[in-house]
Amino acid sequence: MQGRAEVRLRLAGFVLVGAVVAYGILGGLAWAAPADRAMEWTRVVEAAKREGRLVVYDAFGGAVPTVQYAAERFEATYGIKVEVAVMRASESIERIRVEQRAGRPLADLVTVGPSTVRPMMEEGVLRPVEFLPSAVRVSPQLRAKMEEWGLGQHTLTTLVQLYGILINTNLVRPEAEPRSWMDLLDSRWRGQMIMDDPRAPGGGYVFFAAAYKQLGRRYQEALAEQRPFLTRAIADAATRVARGEFAAMVPFALGLYPRVRGGPVKLLIPREGAPYVHLGFSFPARSPHPNAARLFAEFFLSREIQLRLTQDYILPAVAGLGAQAAEEVRPYLRARLWDTIDDPRRDPEWLRRAAEIYR
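Residues numbered from 1 in each chain as written. Predicted model: local features only at pLDDT ≥ 70, side-chain atom pairs only at ≥ 80, totals over all residues. Heavy atoms only, no water.

(A) Structural detail: the packing of aromatic side chains. Scanning all chains against the criterion turns up 18 aromatic pairs. Ring centres of phenylalanine 208 and tryptophan 350 lie 6.4 Å apart, and the angle between their planes is 85°; on these two criteria the pair is classed as edge-to-face. Of this pair, phenylalanine 208 sits in helix H8 (residues 203–215) while tryptophan 350 sits in helix H15 (residues 347–357); the two residues are 142 residues apart in sequence, bridging distant segments of the chain. For tryptophan 350, a relative accessible area of 3% corresponds to the buried category. Overall, phenylalanine 208 belongs to the buried group, its relative accessible area being 1%. (Phe/Tyr/Trp six-rings, centres within 6.5 Å; stacked < 30°, edge-to-face > 60°. Helix = DSSP H or I, 4+ residues; strand = E, 2+ residues; numbered from the N terminus. Buried < 20%, exposed > 50% of the residue type's maximum accessible area, 1.4 Å probe, protein only.)

As structure tokens, then:
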């Protein structure tokens, strides 16, 4: 996918994908009249309030602060207590597996990317996404991509995370700032970078696949020869750059920027563009509070929360709202979309390549 992100999403918003189609995609539900849907949703809201609690496994590793914000606003709006457990994608997969196999589910909702949802879907530990009134507002382009990857019935796309480079301005002179992803191969960066580990699902893997597809295997081999420090604690990695322990973080999830903004750091989008990934929600097959989970997913698609995403430097999934981002954020959200992961069905092959190169 090429071009400016918001323009593409806004254009996609005009594609005709009506409610009947969306209902069929989201959950494989049979057609139902609007009045029946309204009654169904009223029952969901009432049941959610009776459940009174919700457990969210946030597998974004802290890179989407909007999840915690939404949890607090949801609790204030509906009086439903929300517990958010932040973790890596690989940890969320294992937890859901163990809980579902043991018949002792704890999580009601898990945040996912394409590489996270596929293994859980194949093991049968997720249930299809059920009817949500606002699901039809999600960009048709985003929904179509998840359908192409065979993930549409088990994933509700809620946002798009972009990736750039974070530098420490005390350690990197303006004339030495990387303008291209190729600039990271300069000898000045040897041993100076901290990198999200590309050998496991997450932002590092997204960047690995995108750069590999665009620049070839030799680029990744040369980058590995720069001896970046690999980590899976991405939120902490951004802080370490701000403290001056490393000159740069590669890739840098833009959703982490509010955490370090104000420090001696600068966010850069290389001229080739920003790697990106579609992110969203999935629902464990069995959960203690299924109606509260559905209501939270609906709440996350509200205008309030989708606009909050833009404040956190993240593209909303609802078409058209990215254009309403604050002026200082807009240039980042309009960055050229460079590339993303391959078909998640090929993840094992790509992860093997990453493990071969980054030892």
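(B) Quick peek at helix H6 (residues 114–122). Counting buried positions over the 9 residues of H6 gives 7, a clear majority of the element. Taken residue by residue, H6 has Pro114, Ser115, Thr116, Val117, Arg118, Met120 and Met121 as its buried positions. Positive phi shows up at glycine 124, right after H6, with a value of about 70°.

(C) Looking closely at the layout of surface pockets. Within this model, the largest pocket holds a volume of roughly 230 Å³. Considering the residues around the largest pocket, the lining is formed by 13 residues, among which Ser115, Pro119, Asp347, Pro348 and Leu351 are closest to the centre. When residues of the lining of the largest pocket are traced back to their parent elements, those giving at least two are helix H5 (89–102), H6 and H15. Ranked by the residues each element gives to the lining of the largest pocket, the list is headed by H6, at 4 residues. Tallied by class, residues from the lining of the largest pocket come to 6 nonpolar, 2 polar and 5 charged. (1 Å grid on protein atoms, 1.4 Å probe; cavity = no way out; pocket = protein on both sides within 12 Å on 5 of 7 lines; lining within 4 Å. Points joined across faces, edges and corners; volume = space filled by probe spheres on them. Nonpolar A, V, L, I, M, F, W, Y, C, P; charged D, E, K, R; others polar.)

(D) How the structure looks around the nonpolar core. Within the largest apolar cluster, 119 residues are counted, with the highest numbers of intra-cluster contacts made by Met249 and Phe296. The greatest single-element share of this core, amounting to 8 residues, is contributed by strand S5 (residues 156–168). With residues near it in sequence (within four places) discarded, phenylalanine 296 still touches Leu54, Val56, Val67, Ala70, Ala71, Phe74, Leu109 and Phe281. (Core = buried A, V, L, I, M, F, W, Y, C linked by side-chain atoms within 4.5 Å. Contact = heavy atoms within 4.5 Å.)

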